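Chain by chain, the residues run as shown.
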Amino acid sequence: MIPDIQDILARLIAFPTVSRRSNLELLDYVEGLLRPAGVRLERFESDDGTRANLWASLGPQGSGGVVLSGHCDVVPVDGQAWSRDPFALHREDGNLYGRGTADMKGFLAAAIHAMLRAADRPLRLPLHLAISYDEEVGCLGVRGMLGGMAARPERPALCIIGEPTGMRIANGHKGKVGFRACCHGQEGHSALAPNALNALHLGAAFVTRLQARQEQLQATGARDAAYDIPYSTVHVGVMQGGTALNIVPNRCDLDFEIRNVAADDPEEILAAILEDAEAIAAPYRNRFPEARIEIEEISGYPGLDTPPDTPAIAVLQALLGGDPALIKVAFGTEGGCSSRRLTCPRWSAGRGTWRRGTSPTNSSARRRSKTAHGSWTR
């Protein structure tokens, strides 16, 4: 007997698969449901073997068909005022409560149930289920699965990623690239501060330049009215530096991000930011040769921008029984990654907006920095 969707969901919620923690017990449970039904299963493990993606298939082998895709990791619950155990499904007034019920174990439960139902039917095209890990920390886990499958000749026709959209079709989201800027100065005693180079001051100047770039993007950058924030953004989220009040710090680290609409090239935005970094450090270099601001990429994923007339959109609209309006969501998804690496070009559910196509793998971020002389290191 096929278990009820809510029963599957209850089991999924019970696994505390917070990002970067193991999800192997959850995958063992899913495989225990699918394997007896004749579903073909394949895992793509993380480098340390503690986490894995799962690729499950039914029906004929080859191109075409549909992928139901979702991540099994959830955001932390630490420091949050939960009134009940967040890892125990709770039903109340027709609602289901628990960490991940909406994002996105609810969809995974429905997709697993659909796979079990489909197992008893003759399928003319393949049906796939993709379960990924570490999506909440930069869409990192899915890259290992996509990399492993990229060389295969088979290409699904459509990938449906069940993020919470209020049952509306989302055909776009911004791309995101995260960076760490390392500002290097010269250490000294605060009593002799003018004889040193305060890295925090370099960092503050860099933040000011980033704010100016944000204002420029807002005023003159590309716009897409489908987003709540219709232009590309630059944001600083973390700033660290200094060890004691009486020491001039020699290093300051900043984490910042670019979230770009499809019409803006993040490489061009970054190039302008690199010019700003050099303009800040260069005036100090004759006196302080170590003065520099190095920038490395620490995370990123492509944007998604599916043309409204794509056949995939028509298929989804027909399934929903009408012609529902399309939306674009503020949050990122694995859609940009999968559309570049996995789906057929003709039916692709989206276009990745990251031009290099070499985003970080699941094991390490692609690193690059600009030295004092303007050359690149990786």
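Scope of this entry: the structure provided in the associated data block.

What counts and how
- Residues numbered from 1 in each chain as written.
- Predicted model: local features only at pLDDT ≥ 70, side-chain atom pairs only at ≥ 80, totals over all residues.
- Heavy atoms only, no water.
- Buried < 20%, exposed > 50% of the residue type's maximum accessible area, 1.4 Å probe, protein only.
- Helix = DSSP H or I, 4+ residues; strand = E, 2+ residues; numbered from the N terminus.
- Pairing = 2+ DSSP bridges.
- Axes fitted to C-alpha atoms, helices over the stretch in contact; angles between N-to-C directions.
- Parallel < 35°, antiparallel > 145°, perpendicular 65-115°, else oblique.
- Left-handed = near helix turned anticlockwise from the far one by under 90°.
- Contact = heavy atoms within 4.5 Å.
- Phe/Tyr/Trp six-rings, centres within 6.5 Å; stacked < 30°, edge-to-face > 60°.
- Lys NZ or Arg CZ within 6 Å of the ring centre and 35° of its normal.
- Salt bridge = Lys/Arg side-chain N within 4 Å of Asp/Glu carboxyl O.

Section: the pairing of strand S3 (residues 66-71)
So, point 1. The element S3 is largely enclosed, with a buried count of five among its six residues.
So, point 2. Strand direction decides the pairing type here: S3 and strand S6 (residues 127-132), joined by six bridges, are parallel. Considered in S6, the bridge of Ser69 is made with Ala130.
So, point 3. Both S3 and strand S7 (residues 158-161) contribute to a ladder of four bridges, which runs parallel. Bridging from a neighbouring strand, Val67 pairs with Cys159 of S7.

A short note on the packing of helix H2 (residues 24-34) against helix H3 (residues 101-118)
So, point 1. Packing of H2 against H3 brings their axes to within 10 Å, and their N-to-C directions diverge by 25°. In terms of orientation, H2 and H3 fall into the roughly parallel class. Seen from above, H2 lies across H3 with right-handed handedness. Where H2 approaches H3, its residues Leu26, Val30, Leu33 and Leu34 are matched on the opposing element by Lys105, Ile112, Met115 and Leu116.

Remarks on the packing of aromatic side chains
Given two aromatic rings, one states the distance between the centres and the angle between the planes to describe the pair.
So, point 1. One pass over the structure, following the stated rule, counts three aromatic pairs.
So, point 2. Between the aromatic rings of Phe15 and Tyr29, the centroid separation amounts to 6.1 Å while the plane-to-plane angle is 35°, which identifies the pairing as tilted. Here Tyr29 lies in helix H2 and Phe15 lies in the loop between helix H1 (5-14) and H2, a separation of 14 residues in the sequence.
So, point 3. Residue classification places Phe15 among the buried residues on the basis of a relative accessible area of 12%.
So, point 4. According to the relative accessible area criterion, Tyr29 is buried, its value standing at 13%.
So, point 5. With centroids separated by 5.3 Å and ring planes inclined at 25°, the aromatic side chains of Phe179 and Phe256 adopt a geometry described as stacked. You can see Phe179 sitting in strand S9 (residues 175-184) and its partner Phe256 sitting in strand S13 (residues 251-260), a full 77 residues away along the chain. Just as Phe179 is buried, Phe256 falls in that class too.
So, point 6. Through pairs of rings, three or more aromatic residues link up here, namely Phe179, Phe206 and Phe256.
So, point 7. In this structure, Lys174 is placed above the aromatic ring of Tyr227, and the distance from its NZ or CZ to the ring centre is 5.5 Å.

Considerations on unusual backbone geometry
Phi is mostly negative for residues that are not glycine, and the peptide bonds are mostly trans.
So, point 1. Note the cis peptide between Asp103 and Met104, where omega equals -10°.
So, point 2. When you line up the elements, Met104 lands in helix H3.
So, point 3. One non-glycine residue with positive phi stands out, namely Asp93, at about 55°.
So, point 4. With phi around 60°, Met167 is a residue other than glycine that occupies positive phi space.
So, point 5. Its location among the elements puts Met167 in the loop between S7 and strand S8 (169-173).

Section: the pattern of salt bridges
So, point 1. On inspection of all chains with the given rule, the structure shows 17 salt bridges.
So, point 2. In this structure, Arg292 engages Glu294 in a salt bridge whose closest nitrogen and oxygen atoms are separated by 3.1 Å.
So, point 3. Take Glu294: its relative accessible area is 22%, and that puts it in the partly exposed class.
So, point 4. Several salt bridges converge on common partners, so that one network encompasses Asp28, Glu31, Arg35 and Arg43.

Remarks on the pairing of S9
So, point 1. Burial analysis of S9 places nine of its 10 residues in the buried class, the great majority of the element.
So, point 2. Two elements, S9 and S13, share 10 bridges in a ladder whose sense is antiparallel. Residue Cys183 lies in a different strand from S13, and its bridge partner there is Cys252.
So, point 3. Inspection of the sheet shows S9 paired to strand S14 (residues 292-301) by nine bridges, in the antiparallel sense. Its bridge partner being in S14, Lys176 is matched across the sheet by Tyr301.

What about the sheet that holds S14?
So, point 1. If you trace the four strands from one edge of the open sheet to the other, you get S11-S13-S9-S14, paired in antiparallel fashion. Two strands bound the open sheet, and with one partner strand each, they are strand S11 (233-241) and S14. If you compare each strand with its neighbour and ignore which way they point, the axes differ by 20° on average.
So, point 2. The sheet contact formed by S11 and S13 spans eight bridges and is antiparallel. From the neighbouring strand, His235 faces S13, where its bridge partner is Glu257.
So, point 3. Where helix H5 (residues 199-220) meets the sheet, it contacts S9, S11, S13 and S14, and its direction lies at approximately 170° from that of S11.
So, point 4. On top of the sheet, helix H6 (residues 266-281) reaches S9, S11, S13 and S14; it is set at about 160° to S14, its chief contact.

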